[in-house]
Amino acid sequence: MSRIGRMPIAVPAGVTVEIAENNKVTVKGPKGELERVLPSEMEIKQEDGQILVTRPNDLKKMKSLHGLTRTLVNNMVVGVTEGYTKQLEVNGVGYKAAKSGNKLTLNLGYSHPVIMEDPEGLESVVEGNKITIKGIDKEKVGQYAAEIRDKRRPEPYKGKGIKYIDEVIRRKVGKTGKK
């Protein structure tokens, strides 16, 4: 039995969960509303303030979908109550980030500034050399953070580039001159 899949999901006060046919789950909470169509093989039930996910049989595909489905529903519940944030850090001489309206402008040593527009439902905040992305959809927050990081990945020699706050860059020693 899937250890994650069999754990019940507690539904906090102020959150409503609707399960329509074809496993279309809609979660409404204080921060917003999320909806997602989950694998139709899984059985999602709501009982006395909890959501339970069960699988029909023990085929390998069903086992892998079991934990995934439970985690996706849990992420939706956490998203509408607390929301998700990702923090990025811009390192390097002359590298900087600026925010105007819903446009994020990055100066990353290219001949032109990189301008990115915040996707719908996400918000980015710039404080010095830190960029914080906030939203209720975990997948979208992570995707947007990855796209920003991709504009200039951290390099191993000087550590310049955009990295996640908790990311550790393995540094390399540069070349040595002749004597």
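Below: a short report on this structure. (Residues numbered from 1 in each chain as written. Predicted model: local features only at pLDDT ≥ 70, side-chain atom pairs only at ≥ 80, totals over all residues. Heavy atoms only, no water.)

### Observations regarding the nonpolar core
In summary, soluble globular proteins display a tendency toward joint burial of nonpolar side chains. This is how the line gets drawn: To form a nonpolar core, buried Ala, Val, Leu, Ile, Met, Phe, Trp, Tyr and Cys residues must be joined to one another through side-chain atoms within 4.5 Å. Whether a residue is buried, partly exposed or exposed follows from its accessible area with a 1.4 Å probe, protein chains only, as a fraction of its type maximum: under 20%, in between, or over 50%, in that order. Counting from the N terminus, the helices are DSSP H or I runs at least four residues long and the strands are E runs at least two residues long. Only heavy atoms matter for contacts: two residues are in contact if any of them lie within 4.5 Å across the pair.
Core analysis: the largest hydrophobic core is formed by 20 residues, its most contacted members being V15, V17, V25, V27, L38, I44 and I51. Among the elements that make up this core, the one with the highest residue count is helix α1 (residues 60-81) (7 residues). Leave out the neighbours within four places in its chain, and I44 touches I19, N23, V25, L38, I51, L52, V53 and T69. With 19 residues, the next largest nonpolar core counts Y95, L104, L108 and V114 among its residues.

### What to know about helix α2 (residues 138-150)
This is how the line gets drawn: In this scheme, a helix's expected span is set at 1.5 Å multiplied by one less than its residue total. Here the arc refers to the directions that run from the helix axis out to each C-beta atom. N or O atoms closer than or at 3.5 Å make up a polar contact, with two conditions inside protein: a donor-capable atom paired with an acceptor-capable one, and, for residues adjacent in sequence, both atoms drawn from side chains.
In this model α2 runs 18 Å from its N-terminal to its C-terminal C-alpha over 13 residues, within 8% of the 18 Å that 1.5 Å per residue would give. Listed in full, the buried residues belonging to α2 are V141, Y144, A145, I148 and R149. Projected down its long axis, α2 shows its buried positions confined to an angular sector of 140°, all on one face. Where α2 is buried, its residues contact β7 (84-91), β9 (103-107), β10 (114-117), β11 (123-127), β12 (130-135) and β13 (161-164). At the N-terminal boundary of α2, the capping side chain belongs to D137, with an oxygen 3.1 Å from the backbone nitrogen of E139.

### Here we look at α1
For α1, spanning 22 residues, the distance from its first C-alpha to its last is 33 Å, which sits close to the expected 32 Å at 1.5 Å a residue. Looking one or two places after α1, you find G83, whose phi comes out positive at around 85°.

### A short note on the pairing of β7
As a reminder, the rule being used: At least two DSSP bridges between two strands are needed for those strands to be called paired.
The pairing of β7 with β12 spans 6 bridges and is classified as antiparallel. Note on β12: the bridge partner recorded for E89 is K130. For β7 and β13, the ladder comprises 4 bridges, and the chain directions are antiparallel. Counted as the bridge partner of N91 is G161 from β13.

### Comments concerning the side chain of K163
Relative to the elements of secondary structure, K163 occurs in strand β13. Reaching out from K163, the side chain makes a polar contact with the backbone oxygen of E167 at a distance of 3.4 Å. Setting aside residues no more than four positions away along its own chain, K163 makes contact with Q87, L88, E89, N91, P154 and I169.

### Considerations on the pattern of salt bridges
Condition: In the sections that follow, a salt bridge refers to a side-chain nitrogen of Lys or Arg positioned within 4 Å of a carboxyl oxygen of Asp or Glu.
Taken as a whole, this structure holds 11 salt bridges when the rule is applied. One salt bridge connects K24 with E35, and the closest N-O pair in it is separated by 3.3 Å. Note that K24 is positioned in strand β3 (residues 24-29) and E35 in strand β4 (residues 32-37), a separation of 11 residues in sequence.

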